[in-house]
Amino acid sequence: MIGGGGCAFIGPVHLRAALMENDIELVCGCFSRDYQISLKTARKWHVPESRTYATYQDMLRREAQLPTGQRMDFVAIVTPNNVHFEQASMALDLGFDVVVDKPMTFSLDEALRLRDKVEQTGLTLALTHTYSAYPAVKEMKSRVARGDLGKLRRVFVEYSQGWLSQRIELQGGNNAGWRTNPETAGKGGCLGDIATHAWHLCEYVTGLRVEELCGELHTFVEGRQVDDDVAAFLHFEDGVTGILQATQIATGEENNIRLRIYGEWGGLEWCQMEPNTIYAKWLDRPTEEIRMGNGFANLSDLALWNVRVPGGHPEGFIEAFANIYRNFAKTIRAKASGQTPQTECLDFPDVYEGVRGMQFVETMWQASLSNGKWTKWVEQ
């Protein structure tokens, strides 16, 4: 692992998720730019000092020199956005598969270069767009794909947080600092941090690409250097339209993600605050409540592959993370043994979705610079 030490939020989540299936163990790391923090983290996570490195460059080079079976198999990159590309690129050059947190890179140019490197090396890159890995989301995808809703018409996606309602990045000791700094986060604050998740959910579940958008970025908290509120109208393939909103200044909201998809025959709705439930809504019969559970015969194979527990036991955030790690690990193990990974194992966000994510960031940024779509309200 690169990163994840000290007061990091997402690094420990990656670790817990990776360990869940007993397919993966943490064998080495450079957990911080501060070697003492790395050592402290290594002791906590039972990584030997001999494989705790002062720099990620040293870790990658020295691990690459170890014999197969002793060196690490892949690296998880859980650092700020501005260093994702150089770390992932070096890992691929040295023959290591990669898991990287989103957004994949700092810029679209870096994303395209990383895509080329993945294609050149033949290695595997997974991107942790976690919310697409919930069993209920996969069930929605399956039902849309088999045509339960008829022709799709409309998509609504919302991702609301309130933790940045005040300028807490000035306080230190939290993860707001680098996320609100354009030198580490990139062009988008809320845009790159959570709006990319909302966009990915739309494309993943519908199977349709966004072809054009009308977007706006806004900064509500005075003095903040990046956006903290995002809204967009979306035009998908096949004439489907959508509305996306993501905000980090919705005071009092925790992590409210909601996806609604409507077709000519019905609609589907999912909310992360109630992760095991999909609501199916119909013109000619009452709303149907679809529940997740590993013994439920009415669920798709894709959902059942990612369900761990019986009905009534919630499949949560870390379990969704774990689905990505499990599928990724089984994929690289199959490839290493010359086998073709099973279809369900290939179901994780990859480098191409990483490129699409950075295209979304860039397109939204360009849209926000133009007022050509908007008409001023005229008072009479």
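All of these numbers come straight from a predicted model, not from anything done at the bench. (Residues numbered from 1 in each chain as written. Predicted model: local features only at pLDDT ≥ 70, side-chain atom pairs only at ≥ 80, totals over all residues. Heavy atoms only, no water.)

J.: In this structure, what is going on with the packing of helix 3 (residues 56-65) against helix 4 (residues 84-93)? I would like to understand it.
T.: The geometry of a pair of packed helices is captured by two quantities: the angle between their axes and the separation between those axes. At a minimum axis separation of 10 Å, helix 3 and helix 4 run at an interaxial angle of 10°. One finds that helix 3 runs roughly parallel with respect to helix 4. Residues Tyr-56, Gln-57, Leu-60 and Arg-61 of helix 3 form the contact with helix 4, whose participating residues are Glu-86, Gln-87, Met-90 and Ala-91. Considered class by class, the residues forming the contact of helix 3 with helix 4 number four nonpolar, two polar and two charged. (Axes fitted to C-alpha atoms, helices over the stretch in contact; angles between N-to-C directions. Helix = DSSP H or I, 4+ residues; strand = E, 2+ residues; numbered from the N terminus. Parallel < 35°, antiparallel > 145°, perpendicular 65-115°, else oblique. Contact = heavy atoms within 4.5 Å. Nonpolar A, V, L, I, M, F, W, Y, C, P; charged D, E, K, R; others polar.)

J.: Explanation requested: the pairing of strand 3 (residues 97-100) in the structure shown.
T.: Within a regular strand, side chains alternate between the sheet's two faces. What you see with strand 3 is no split at all: Asp-97 and Val-99 on one side and Val-98 and Val-100 on the other are buried throughout. Running through helix 4, the crossover from strand 2 (residues 74-78) to the neighbouring parallel element strand 3 is right-handed. Taken together, the three bridges between strand 3 and strand 4 (residues 125-127) define a ladder with parallel strand orientation. Along strand 4, the bridge assignment pairs Val-99 with Ala-126. Note that the unit made of strand 3, helix 5 (residues 108-121) and strand 4 has a crossover that is right-handed. (Buried < 20%, exposed > 50% of the residue type's maximum accessible area, 1.4 Å probe, protein only. Right-handed = clockwise from strand over helix to strand, strands pointing away. Pairing = 2+ DSSP bridges.)

J.: Honestly, the state of the cysteines in this entry has me stumped. Any pointers?
T.: Note on terminology: a disulfide is the covalent bond linking the sulfur atoms of two cysteines. Scanning all chains against the criterion turns up zero disulfides. With no disulfide of its own, Cys-30 has Cys-28 as its nearest cysteine by sulfur position, at a separation of 9.9 Å. Looking at Cys-30, the relative accessible area reads 6%, which means it is buried. (Disulfide = S-S within 2.5 Å.)

J.: For this particular structure, what's the right way to read the environment of Ala-185?
T.: Checked against the element boundaries, Ala-185 lands in helix 8 (residues 182-185). Sequence separation between Ala-185 and Pro-314 is 129 residues; the distance between their C-alpha atoms is 32 Å. Ala-185 has contacts with Asn-81, Phe-106, Trp-178 and Arg-179, leaving out every residue within four places of it along the chain.

J.: Which parts of the structure should I look at to understand the nonpolar core?
T.: Generally speaking, soluble globular proteins have nonpolar side chains that are buried together. Formed by 104 residues in total, the largest nonpolar core has its most connected members in Met-59, Val-98, Met-104, Val-230, Leu-244 and Tyr-325. Sort the elements by how many residues they give to this core and helix 9 (residues 190-206) lands first, with ten residues. When residues no more than four places from it in sequence are discounted, the contact partners of Met-104 are His-84, Ala-111, Leu-114, Leu-125, Leu-127, Val-351, Gly-354 and Val-355. (Core = buried A, V, L, I, M, F, W, Y, C linked by side-chain atoms within 4.5 Å.)

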